Amino acid sequence: MRHIISILLENEAGALSRVCGLFSARGYNIESLTVAPTEDASLSRMTIVTAGSDAIIEQITKQLNKLIEVVKVVDLSEAPHIERELMLVKVRAVGKDREEMKRIADIFRGRIIDVTETSYVIELTGNGSKLDAFLEAIDRSLIMETVRTGVSGIGRGDRILKV
Amino acid sequence: MQLTGAEIVIRCLQEENVEHVFGYPGGSVLYIYDEFFKQDKLKHVLVRHEQAAVHAADAYSRSSNKIGVCMVTSGPGVTNAVTGIATAYMDSIPLVILTGQVPTHYIGEDAFQECDTVGITRPCVKHNFLVKDVRDLAVTIKKAFYLAKTGRPGPVLVDIPKDITMHKCEFEYPKTIEMRSYNPIVKGHPGQIKKAVQLLLDAKRPLIYAGGGVILSNSSTRLLRLAHLLGFPVTNTLMGLGGYPSTDRQFLGMLGMHGTYEANMAMQTADVILAVGARFDDRVIGNQVHFASVQRKIIHIDIDPSSISKRVKVEVPIVGDVGEVLEELCKQLTASKEQPEPKALAAWWKEIDAWRSKKSLKYKQGKEIIMPQYVIEKLYEITGGDAFVTSDVGQHQMWAAQYYKFDKPRRWINSGGLGTMGVGLPYAMGVKLANPKATVACVTGEGSIQMNIQELSTAKQFRLPIKIINLNNRYLGMVRQWQEMFHGNRYAESYVDALPDFVKLAEAYGHVGMKIERPADVEPALREAFTKHKNDLVFMDFMTDQKANVYPMVAAGKGLSEMILAEDL
Ligand SMILES: Cc1ncc(C[n+]2csc(CCOP(=O)(O)OP(=O)(O)O)c2C)c(N)n1
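What this report covers is the structure whose coordinates are included nearby.

Rules and cut-offs
Residues numbered from 1 in each chain as written. Chains lettered and ligands numbered in written order. Predicted model: local features only at pLDDT ≥ 70, side-chain atom pairs only at ≥ 80, totals over all residues. Heavy atoms only, no water. Buried < 20%, exposed > 50% of the residue type's maximum accessible area, 1.4 Å probe, protein only. Helix = DSSP H or I, 4+ residues; strand = E, 2+ residues; numbered from the N terminus. Pairing = 2+ DSSP bridges. Right-handed = clockwise from strand over helix to strand, strands pointing away. Near = heavy atom within 4 Å. Polar contact = N/O pair within 3.5 Å; in protein donor to acceptor, adjacent residues only side chain to side chain. Areas by Shrake-Rupley, 256 points an atom, 1.4 Å probe, with all protein chains shown as cover. Nonpolar A, V, L, I, M, F, W, Y, C, P; charged D, E, K, R; others polar. Arc of directions from axis to C-beta. Contact = heavy atoms within 4.5 Å. Core = buried A, V, L, I, M, F, W, Y, C linked by side-chain atoms within 4.5 Å. Domains from an automatic or database assignment.

### Brief notes about the pairing of strand β15 (residues 388–391) of chain B
Residues and elements named next belong to chain B. Neither face of β15 is exposed, since F388 and T390 on one face and V389 and S391 on the opposite face are all buried. As defined by bridge partners, β15 adjoins strand β17 (residues 440–445) across four bridges and the pair is classed as parallel. Residue V389 lies in a different strand from β17, and its bridge partner there is A441. As defined by bridge partners, β15 adjoins strand β16 (residues 412–413) across two bridges and the pair is classed as parallel. The residue bridging T390 from the neighbouring strand is I413, located in β16. As a crossover connection, the stretch from β15 through helix α17 (residues 395–403) into β16 is right-handed.

### Focus on the site of the ligand
All names here are of chain B. Looking at the ligand, there are 17 residues lining it, with Q395, H396, G419, S448 and G477 nearest. A distance of 2.8 Å separates a nitrogen atom of the ligand from a polar backbone atom of G419. Here a nitrogen atom of the ligand and a backbone polar atom of M421 are 3.3 Å apart. Here the ligand loses 76% of its free accessible area of 590 Å² to cover by the protein chains. Counting only elements with at least two residues in the shell around the ligand, the list comes to α17 and α20 (477–486). For the shell around the ligand, the residue count by class is seven nonpolar, nine polar and one charged.

### Regarding helix α2 (residues 30–37) of chain B
Residue and element names in this part refer to chain B. For α2, the set of buried residues is I32, Y33, E35 and F36. Projected down its long axis, α2 shows its buried positions confined to an angular sector of 155°, all on one face. Along its buried surface, α2 packs onto α1 (5–15), β2 (20–23), β3 (43–46), β4 (68–72) and α7 (162–166).

### A look at the nonpolar core
One broad trend across soluble globular proteins is that nonpolar side chains are buried collectively. Residues and elements named next belong to chain B. Core analysis: the largest hydrophobic core is formed by 100 residues, its most contacted members being M267, V276, I469 and F542. Both domains that meet at this core, namely domain 2 (190–356) and domain 3 (372–550), each give it at least three residues. Setting aside residues up to four positions removed in sequence, I469 forms contacts with V375, L379, A441, C442, V443, T444, L526, M540 and F542. Among the nonpolar cores identified, the runner-up in size contains 49 residues, and A53, L95, C115 and F539 belong to it.

Quick look at the structure:
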């Protein structure tokens, strides 16, 4: 099963490689990983999307907690939560494709954030399947480049991950 | 007063009451060595290879409950030390390793003797640090000692660039350390302990399965109290030996791949297992699926939550310090006034005694060829069972574990988790330095001993009268045994050819050497070594049976109750 794990960790050099090292050393899979400092600059917040049986997910959270620099770990997918991912897509936009591309971007509530005579850069946020759907909807041959941030997640309502 | 980084290192070690540092100098640690030179409180033990420095510090820790400390230089000093660090890590041994590093402004430039120490050691330390500012040095060393010892212990490494050892700052050694991200649980959850008590009282075929955690947490007397309170059988893992007295009636011997028949049968068929500081590893329970095919309830006490429910399903997990939890269990059992049902327990013991009567460790000693088991039995007799015994890795290690009946904790020193050949001699050095009055024997094989043979020189310099028991079968015996059993007798590269004359070798290093070839000479030789040569290092080269195998054996991938016994052959 797919799980979204949120981690608060000390914002120190090397902390990220400890987490990555743990996943590769123990053969856990990482679908995506995002990390950045929080409002408290001494802490970073990381979101990892992984997959595994319940036993493996239990081991993953225990092993993460064991890392000295990890302050807190929660499995967001255990309860209601929101996940978002940002994607930037550079597409060819000439002739009739130019109009069509704008139309589809609008339908997906994407924004065009860079324009040249022949191309657009479209910014899109949403959960992973929405971003996938967008890529499905446009003409594949027009895609010049895509970049995705990986998933960030947060619990709904009163669920708060803080020290 | 302002001190240099090098002075701070020495002062920190003194503040931690460190007495011995095992190490080897080099360019990046020269300022620190200069400070060693200027004082005489801390003793530096110069080994002949960095691997041995870490092993010696590791055994110093295992045998004394103090924290072993070692120091090596950057680059090759560090890479040589890695095997030692990984060995200590696998067995959760508290160590502090101080490493030199190239100056901060050279890091990343492929400088002479630069290596990514923090990166290379990351997977085999509990934690590691790179010190980038001399003002962080003291607090980092304090953290290293604190982390090494608390929670699940382990090696902690501090990498110190050379310029940091020259920079100056005010020295203040922190009294305590708080880390918001590190708060190991000590006390067991009361609700879980209550559940455990009830399970134990209701058990019909109970077993206490105790590992190295009992020794690391200094709780062997509590374990004994609990076992006697309940009247339950006890088995130890390889790492747990000495955590429960081997001569106690309730002791079934070691379990696992080379465990006794009774211990393995009891483990496989118990209805309630109390696991104490042990981790159900593959060498202990054999095939996971086979083990899981039997219905049983497991209570698992461990300081490390990730050790629980990792390989087996656990009914009652108890996270906490083994000693604290055992104490609480004893208290509640005494208070409850209930007893496990005597009839069921008697029937269980009857079954166990029948397994015992198989005498799965018996062997035959003839008149011509020395049996390795016999040497260990005689060693046990002559040392009154009171020696510290280190071993290397192989058949000799298993025979030492099976036939030397350890009654006290911290007496059996070996590499369980990583299985590192070459630990035996440096381990014996560490033990002897931590326990100067103790009798120290190193049981080894002609393969293993050659992996750190250079340490005979260190032992000479520091006058360490270790007794080396070389069970010389002219084979990498454990490899040969597997080749005999599972690879159609094809002894690929397991014959040890061109062996040195160990007697001459020992003498060349300034020690006493003996070669023993006949069974009748075993006892007199040992006696001579331990009495006449009490104060010498004696290398005893026993020519043992080349074809002896270790039994019982649970072959890799087989179930715990599917043992091969000597008598089956
Ligand atoms: C560093 C290292 N290399 C290889 C091995 C694999 N290995 C395990 S036991 C063994 C043979 C040991 O031979 P010896 O020291 O002569 O002991 P014996 O088994 O004959 O008692 C080997 C090669 C190991 N455990 N450690």
